[in-house]
Protein chains: 2
Amino acid sequence: MATAWSEKMLQLLRKMNNFHSPGSSRARCLRFEVADQQVGWILPQMASILKNFPDVFDPPHNGGISLSLSLDSHAKRSEVFDGVLQTLRRNDTLTCLKGWRDERYDIMARYCDTPLMSMERSATCLFGVRRYGVHINGYRRCDDGQLRMWLARRSATKETYPGLLDNLAAGGLAAGMSIGDTAVKECWEEACIPAAIAGMARPVSTVSYTYEDEEGVFPESQFVFDLELPADFQPSVGDGEVQEFYFLPMDEVKELLVSDDFKPNCALVVLDFLIRHSCIDPDTEPYYQEFVTGLHQTL
Amino acid sequence: MATAWSEKMLQLLRKMNNFHSPGSSRARCLRFEVADQQVGWILPQMASILKNFPDVFDPPHNGGISLSLSLDSHAKRSEVFDGVLQTLRRNDTLTCLKGWRDERYDIMARYCDTPLMSMERSATCLFGVRRYGVHINGYRRCDDGQLRMWLARRSATKETYPGLLDNLAAGGLAAGMSIGDTAVKECWEEACIPAAIAGMARPVSTVSYTYEDEEGVFPESQFVFDLELPADFQPSVGDGEVQEFYFLPMDEVKELLVSDDFKPNCALVVLDFLIRHSCIDPDTEPYYQEFVTGLHQTL
């Protein structure tokens, strides 16, 4: 029998993958294509707006909208695209652009490909392009044999999800920095973990999901690291993105996951940890298989 | 840059998920429904054959074929269905039924649901119903710090994949036995691992994929266990399904995965192990994310 915890966790997974649900806007979305490759999804209302930029976007064709092929380099695409975004930002109709970050994301069909262009981070949901990040699970098996996990509480002044629980450290992958280096950098900036310790973080998984809300489509993939912290080390508040760290038994962490106190995608990263570390038993958790597949969705 | 190994591994993942590929028969398949729930997929050629059993299967409707709702219990459905299969078996037109096993699989929409009926194992691909199994990775971190893995070589007389490399132990989930008990049973039967040791196997993942071939559609989900074997213990040949065991460094295992010497779904289980145990680095493996998502596909 599914427990209340299982039902709530399944609900969270479905919410974080609501773009895959029957009745989502997926069927009405247009493929966003750059250099003949799909890099994202465009909602119908956004497609109408893009008609105002006929030099930049070709008219919808075969269920897709293509960035004009005359823009034939990373530099040209990025520059012209930024011009469009600046116009939209001035028009002040798109909520997500109010969160303009001046932080550029690389755009490519697949993570391993050469970037086709870059795009302001706050605009990525308008074009449904995949965003990549790094999350680090901090944990330790204590002398009593019990597994405990480090959690961070986000600063009350963070723009997104203020005050919610988070993984030990996490951050977006910025252009030009490796996945491993990003993990080490985030550990230092957010939790004052020196590179000598953070470098022991081991890559173990990715967590991928796609959700949509009134602002757009959010396909995201997080590269997941496990970092067993030494018994004599404690993370501490770094750049002010975190207000406090906790070191909790897994049972307590598990309960917190389904509270409204957890940043949703961080809860998924912890669920992946719980499965990999055998904290969930397939014989007693009826949604075991759905948890695993729900953590690794593609478009 | 993707290495030859990466390309071969990606190719294997795609082959094992070819039902999801563009151009697969998925678009032409009909949903197989029991008690108003989809439990599988029926290929068009099979749909024609089922027309000969109008008392058992309703005519195709809205892209689905339903088992007659007048069959309103597990017992009735299983019995009548078995009658159909026996007829088809006598007609001798369906290759897969030549491998009749007298082994019943439970059929349900999801693993955690109450079974709706049972079906002869060799017929499951005709109805594209998901099959569940258990695979156990045997390994040990040696004194030199190096990770090594136990592999089995299947007996030359096995009906399927004779002589190929396999995980330490594996087997299908039979009706009425728990996942954990199945793992322990298979460890004993195939590798003479006593319950005291096999019971230390830890559930860590599922590996799910769907392939099709000329015989039918094969959605499969394997519950994956990791078992660190003690240094003074060696598995040995049990019921004759295995001819030999090897204890190999991970680099060697990795190379074997992409040789034609490995049973394909077992290679996927090892790929999942390689990722969870940080034997693959996301900064040097361009298909890292595709490997992870390819190992956890749903329909």
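Residues numbered from 1 in each chain as written. Chains lettered and ligands numbered in written order. Predicted model: local features only at pLDDT ≥ 70, side-chain atom pairs only at ≥ 80, totals over all residues. Heavy atoms only, no water.

**Quick notes on the interface of chain B and chain A**
Here is step 1 of the chain: On the side of chain A, 35 residues touch chain B, which itself brings 35 residues to the contact.
Here is step 2 of the chain: Together, the buried faces of chain B and chain A total about 2800 Å²; carbon and sulfur atoms form 53% of this surface.
Here is step 3 of the chain: Three residues stand out in chain B for area buried against chain A, namely Pro203, Asp283 and Gln289 of chain B, and they jointly supply 19% of the buried area on that side.
Here is step 4 of the chain: For the pair chain B and chain A, the interface holds two salt bridges. (Contact = heavy atoms within 4.5 Å. Buried area = accessible area lost by both parts, 1.4 Å probe. Salt bridge = Lys/Arg side-chain N within 4 Å of Asp/Glu carboxyl O.)

**Overview of the relation of the copies chain B and chain A**
Here is step 1 of the chain: Mapping chain B onto chain A is achieved by rotating through 180° and translating by 0.0 Å along the same axis, at an RMSD of 0.0 Å. A rotation of that kind, with that shift, is consistent with a two-fold axis. Judged by C-alpha distance, histidine 296 of chain B is the residue of chain B that lies nearest the rotation axis, at 3.1 Å.
Here is step 2 of the chain: Residue by residue, 100% of the interface of chain B is reproduced at the interface of chain A, so both copies engage with the same surface. (Least-squares fit on C-alpha atoms with pLDDT ≥ 70 in both.)

**Quick word on the pattern of salt bridges**
Here is step 1 of the chain: The final tally for this structure, using the stated rule, is 32 salt bridges over all chains.
Here is step 2 of the chain: When the shortest N-O distance is used, the salt bridge between glutamate 241 of chain A and lysine 158 of chain A registers 2.4 Å. Within this pair, whereas glutamate 241 of chain A is found in the loop between β11 (216-228) and β12 (242-249), its partner lysine 158 of chain A is found in the loop between β7 (147-154) and β8 (165-166), the two being separated by 83 residues in sequence.
Here is step 3 of the chain: Note that arginine 276 of chain A is salt-bridged to aspartate 226 of chain A, the shortest N-O span being 2.8 Å. With arginine 276 of chain A in helix α7 (residues 264-276) and aspartate 226 of chain A in strand β11, the pair connects residues that are 50 residues apart, well separated along the chain.
Here is step 4 of the chain: Note on arginine 276 of chain A: relative accessible area 8%, which makes it buried.
Here is step 5 of the chain: Among the charged side chains, a salt-bridge network with shared partners connects Arg14 and Glu290 of chain A together with Arg110 and Asp113 of chain B. (Helix = DSSP H or I, 4+ residues; strand = E, 2+ residues; numbered from the N terminus. Buried < 20%, exposed > 50% of the residue type's maximum accessible area, 1.4 Å probe, protein only.)

**Describing the sheet that holds strand β2 (residues 37-42) of chain B**
Residues and elements named next belong to chain B.
Here is step 1 of the chain: Strand order in the open sheet formed by three strands is β2-β1-β3, and the pairing between neighbours is mixed. Each having just a single partner strand, β2 and β3 (64-66) make up the two edges of the open sheet. Neighbour-to-neighbour, the strand axes of this sheet turn through a mean angle of 35°, independent of strand direction.
Here is step 2 of the chain: Bridging between strand β1 (residues 30-34) and β2 involves five bridges; their strand directions are antiparallel. Considered in β2, the bridge of arginine 31 is made with tryptophan 41. (Pairing = 2+ DSSP bridges. Axes fitted to C-alpha atoms, helices over the stretch in contact; angles between N-to-C directions.)

**Re the packing of aromatic side chains**
All names here are of chain B.
Here is step 1 of the chain: Using the criterion set out here, one finds 30 aromatic pairs over all chains in the structure.
Here is step 2 of the chain: Between phenylalanine 32 and phenylalanine 57 the ring centres are 6.4 Å apart and the planes differ by 50°, which places this aromatic pair in the tilted class. With phenylalanine 32 in strand β1 and phenylalanine 57 in the loop between α2 (44-50) and β3, this pair connects stretches of sequence that are 25 residues apart.
Here is step 3 of the chain: Residue phenylalanine 32 is classed as buried on the basis of its relative accessible area, which comes to 0%. (Phe/Tyr/Trp six-rings, centres within 6.5 Å; stacked < 30°, edge-to-face > 60°.)

**Observations regarding the packing of helix α1 (residues 4-16) of chain A against helix α6 (residues 250-257) of chain A**
Residue and element names in this part refer to chain A.
Here is step 1 of the chain: For the pair α1 and α6, interaxial distance at closest approach is 9 Å and the crossing angle is 55°. It follows that α1 is oblique to α6 by the angle criterion. In contact with Trp5, Met9 and Leu12 of α1, α6 contributes Lys254, Glu255 and Leu257.
Here is step 2 of the chain: Residues belonging to the contact of α1 with α6 are distributed by class as follows: four nonpolar, no polar and two charged. (Parallel < 35°, antiparallel > 145°, perpendicular 65-115°, else oblique. Nonpolar A, V, L, I, M, F, W, Y, C, P; charged D, E, K, R; others polar.)

**Some words on the UniProt feature "domain: Nudix hydrolase" (unreviewed entry) in chain A**
Here is step 1 of the chain: Following the UniProt record, one finds the feature "domain: Nudix hydrolase" (unreviewed entry) at residues 129-272 of chain A.
Here is step 2 of the chain: This span, residues 129-272 of chain A, is 24% helix and 40% strand, and a straight line between its end C-alpha atoms measures 23 Å. (UniProt positions renumbered as here; feature names shortened; annotations may be inferred.)

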